[in-house]
Amino acid sequence: QKRNYLIHQLYVRKDWDDCMTLIEDTLEKVNQLAEYPLYVKGLILRHRGNVHESLTHFQLAAGINPNNITNLKQVARSLFLLGRHKASMDVLEQAVRVGGEEDWELWHNKGLCLAYLRRAEEAKAAFQRANAIQRHDCTFMQLGQLLTQEEQYEEAID
C-alpha cells in the first residue's frame, strides 16, 4: 500500500522514469501480482505509445481483479486504439455486467465502438444512454456526427 501511494505521487507528477523504476521493483518483489502497479505501468506505456504492451499490463491487472471496472475500461481503451473494436465492445459489455450500468464513460465508449462497427442505431442508443447518465459535450458531438452522416440534420441539431 505504501508503494502504491509513492507510485501514484510519481505518476501524477509525471515523473514517469522514477515511477517505472519503482513499479518494476515492486512487481519484482510480488512476482508480478500487484494490481495498481500494473495499471499505472499500462498508463505510462500507453502514454509513451506502447499500446500493445499497455494492453498486456491492463489485462494482467484485470486478471488480478476482474470486477474492477477501471481496469476493464483501460483494456477496452487499448483494444479500441489498436483498432480491435469488436474486442473492445466485448470488454465494455463485461464492464457493464460487472456493475457499470450507470457509468457514462462505458456507454460513450460503447457508442464509439458501435459507430466504428457500422452499427449506427445501436451507437445512437449508446450515446443517448451516456447522455442520460451524464451529459458531456463529446458525447453530443459524436451523436451529432453520427446523425449528420445519416443526413438526419434536424435530429442532429436537437
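Residues numbered from 1 in each chain as written. Predicted model: local features only at pLDDT ≥ 70, side-chain atom pairs only at ≥ 80, totals over all residues. Heavy atoms only, no water.

Caption draft 1: Focus on the packing of helix α5 (residues 69-81) against helix α6 (residues 85-100). For the pair α5 and α6, the least separation of the axes is 8 Å and the interaxial angle reads 165 degrees. As summarised for this structure, α5 and α6 are arranged roughly antiparallel, according to the angle between their axes. By crossing handedness, the relation of α5 to α6 is classed as left-handed. Between α5 and α6, the residues in contact are Ile69, Leu72, Val75, Ala76, Leu79 and Phe80 and His85, Ala87, Ser88, Val91, Leu92, Gln94, Ala95, Val98, Gly99 and Gly100, respectively. Along the lines of polarity and charge, the residues of the contact of α5 with α6 split into 11 nonpolar, five polar and no charged. (Axes fitted to C-alpha atoms, helices over the stretch in contact; angles between N-to-C directions. Helix = DSSP H or I, 4+ residues; strand = E, 2+ residues; numbered from the N terminus. Parallel < 35°, antiparallel > 145°, perpendicular 65-115°, else oblique. Left-handed = near helix turned anticlockwise from the far one by under 90°. Contact = heavy atoms within 4.5 Å. Nonpolar A, V, L, I, M, F, W, Y, C, P; charged D, E, K, R; others polar.)

Caption draft 2: Spatial organisation of unusual backbone geometry. With phi around 60 degrees, asparagine 31 is a residue other than glycine that occupies positive phi space. Mapped onto the fold, asparagine 31 is located in the loop between α2 (16-29) and α3 (35-47). A positive phi is found at glutamine 32, a non-glycine position, where the angle reads about 65 degrees. As for its placement among the helices and strands, glutamine 32 is situated in the loop between α2 and α3.

Caption draft 3: Structural context of the packing of helix α8 (residues 120-133) against helix α9 (residues 137-149). In contact at an axis separation of 9 Å, α8 and α9 are set at 155 degrees when each is read in the N-to-C sense. Judged on the interaxial angle alone, α9 and α8 are roughly antiparallel. At the point where α8 passes α9, the crossing takes the left-handed sense. Here α8 contributes Ala120, Ala123, Lys124, Phe127, Gln128, Ala130 and Asn131 to the contact with α9, which in turn contributes Thr139, Phe140, Gln142, Leu143, Leu146 and Leu147. Residues of the contact of α8 with α9, tallied by class, amount to eight nonpolar, four polar and one charged.

Caption draft 4: Summary view of the environment of alanine 95. Inspection of the secondary structure puts alanine 95 in helix α6. Alanine 95 sits in the buried class, given a relative accessible area of 0%. In sequence terms alanine 95 and asparagine 68 are 27 residues apart; their C-alpha atoms lie 8.2 Å from each other. (Buried < 20%, exposed > 50% of the residue type's maximum accessible area, 1.4 Å probe, protein only.)

Limitation: the analysis is restricted to geometry and does not speak to function.
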